[in-house]
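# Coordinate inspection notes
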Amino acid sequence: PGEGKTTAAANLGASLAGRGMRVILLDGNLHQPSIEAMFAAESRRSLADLLEVISRGPLSPAEVAAGMEDAFFRETVSRTSIPTLGVVCARRSGDSIAARLEREHIQPIILRFCRMADLVICDAPALEGSRDALALAASADGTLLVVRAKKTEEHEVAWARHQLLEAQASVLGALLVGGSPRCIV
């Protein structure tokens, strides 16, 4: 915690949307969501609502997501002051919803949002003690580690990379935040 993951995700989304890309920023931190407050976003539905619907019933999560109306997903995306940036709020939820943030549940949701935008950026909780972060990373096309200069230890970065690779996530690289050109070796 405190590496700057949420700020990095928000800045990346806003920057790319400012260049004309259609971006959806998904708050995948069900326990401590913060994207909604950063963008003063409000929506009729949330990621927790989608997960609730996807995890119910006899059909697989992929079949449920495929059969859901596009309008249901559109109502989940809040508009922001940047015309091409939408936000999917996590909303606070209990452990029962968070426990369902497994790859089989989140992946069909991300795929549906991919059809609505050029890029979907998922803000995840810290890897330490979070299966949710691994499920999000494994469902994404690529994962970017956020590392805080002079705070994140080298062994922590190695551990995080190992955890992501074990979860079959595609690690694209790392983003160093809070540093200056002098502290980069």
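Coordinates for the structure precede this section.
Residues numbered from 1 in each chain as written. Predicted model: local features only at pLDDT ≥ 70, side-chain atom pairs only at ≥ 80, totals over all residues. Heavy atoms only, no water.

### Details of a nonpolar patch on the surface
On the surface, a nonpolar cluster with roughly 280 Å² of combined accessible area is contributed by Leu 144, Leu 172 and Leu 175. Position of Leu 172 relative to the elements: it lies in strand β6 (residues 171–177). (Patch = residues over 30% accessible without salt bridge, like charges linked within 9 Å, V, L, I, M, F, W, Y side chains within 5 Å. Areas by Shrake-Rupley, 256 points an atom, 1.4 Å probe, with all protein chains shown as cover. Salt bridge = Lys/Arg side-chain N within 4 Å of Asp/Glu carboxyl O. Helix = DSSP H or I, 4+ residues; strand = E, 2+ residues; numbered from the N terminus.)

### Some details on the packing of helix α3 (residues 47–54) against helix α7 (residues 103–114)
Running from amino to carboxyl end, α3 crosses α7 at an angle of 120 degrees, the nearest separation of the two axes being 10 Å. Comparing the axis directions of α3 and α7 gives the class oblique. Pair α3 / α7 crosses with right-handed handedness. Residues Leu 47, Leu 50, Leu 51 and Ile 54 of α3 touch α7, and the partners they reach there are His 105, Ile 106, Ile 109 and Phe 113. For the contact of α3 with α7, the class distribution of residues is 7 nonpolar, 1 polar and no charged. (Axes fitted to C-alpha atoms, helices over the stretch in contact; angles between N-to-C directions. Parallel < 35°, antiparallel > 145°, perpendicular 65-115°, else oblique. Left-handed = near helix turned anticlockwise from the far one by under 90°. Contact = heavy atoms within 4.5 Å. Nonpolar A, V, L, I, M, F, W, Y, C, P; charged D, E, K, R; others polar.)

### Thoughts on the side chain of Asp 27
You can see Asp 27 is positioned in strand β1 (residues 23–27). Asp 27 gets classed as buried once you look at its relative accessible area, which sits at 0%. Among the polar contacts listed, one links the side chain of Asp 27 to the backbone nitrogen of Asn 29, at a separation of 3.0 Å. Filtering out sequence-adjacent residues up to four positions away, Asp 27 remains in contact with Pro 33, Ser 34, Ile 35, Glu 36, Leu 47, Val 88, Cys 89, Ala 90 and Asp 123. (Buried < 20%, exposed > 50% of the residue type's maximum accessible area, 1.4 Å probe, protein only. Polar contact = N/O pair within 3.5 Å; in protein donor to acceptor, adjacent residues only side chain to side chain.)

### Regarding the nonpolar core
Ranked by internal contacts, the top residues of the largest apolar core, which has 33 residues, are Leu 47, Ile 109 and Phe 113. Listed by contribution, the elements that provide at least two residues to this core are β1, α3, α4 (61–67), α5 (70–74), α7, α8 (131–139) and α9 (154–166). When residues in this core are grouped by element, the largest group, 5 residues, is from α3. Those residues in contact with Leu 47 that sit more than four places away from it in its chain are Leu 26, Asp 27, Gly 28, Leu 30, Thr 76, Val 88, Cys 89, Ala 90, Ile 106 and Ile 109. With 13 residues, the next largest nonpolar core counts Leu 25, Leu 85, Val 87 and Ile 121 among its residues. (Core = buried A, V, L, I, M, F, W, Y, C linked by side-chain atoms within 4.5 Å.)

### A closer look at the packing of aromatic side chains
Following the criterion strictly, the structure yields 1 aromatic pair and no others. Relative to Phe 113, the ring of Phe 73 has its centre 5.5 Å away and its plane inclined at 80 degrees; by these criteria the two rings are edge-to-face. Taken together, the residues Phe 73 in helix α5 and Phe 113 in helix α7 connect sequence positions 40 residues apart. (Phe/Tyr/Trp six-rings, centres within 6.5 Å; stacked < 30°, edge-to-face > 60°.)

### Remarks on the layout of surface pockets
When its volume is computed, the largest pocket comes out at roughly 1100 Å³. What lines the largest pocket is a set of 42 residues, and nearest its centre among them are Cys 122, Thr 143, Leu 144, Leu 145 and Val 146. Elements with a contribution of two residues or more to the lining of the largest pocket: α1 (5–18), α7, β4 (119–123), α8, β5 (143–148), α9 and β6. Here the lining of the largest pocket is composed, by residue class, of 30 nonpolar, 4 polar and 8 charged. Put simply, the second largest pocket is a space of about 260 Å³. Around the second largest pocket, the lining comprises 15 residues; the ones closest to its centre are Lys 5, Asn 29, Gln 32, Pro 125 and Ala 126. Here the lining of the second largest pocket is composed, by residue class, of 4 nonpolar, 8 polar and 3 charged. (1 Å grid on protein atoms, 1.4 Å probe; cavity = no way out; pocket = protein on both sides within 12 Å on 5 of 7 lines; lining within 4 Å. Points joined across faces, edges and corners; volume = space filled by probe spheres on them.)

Everything listed here is a matter of coordinates, which is why it stays silent on function.
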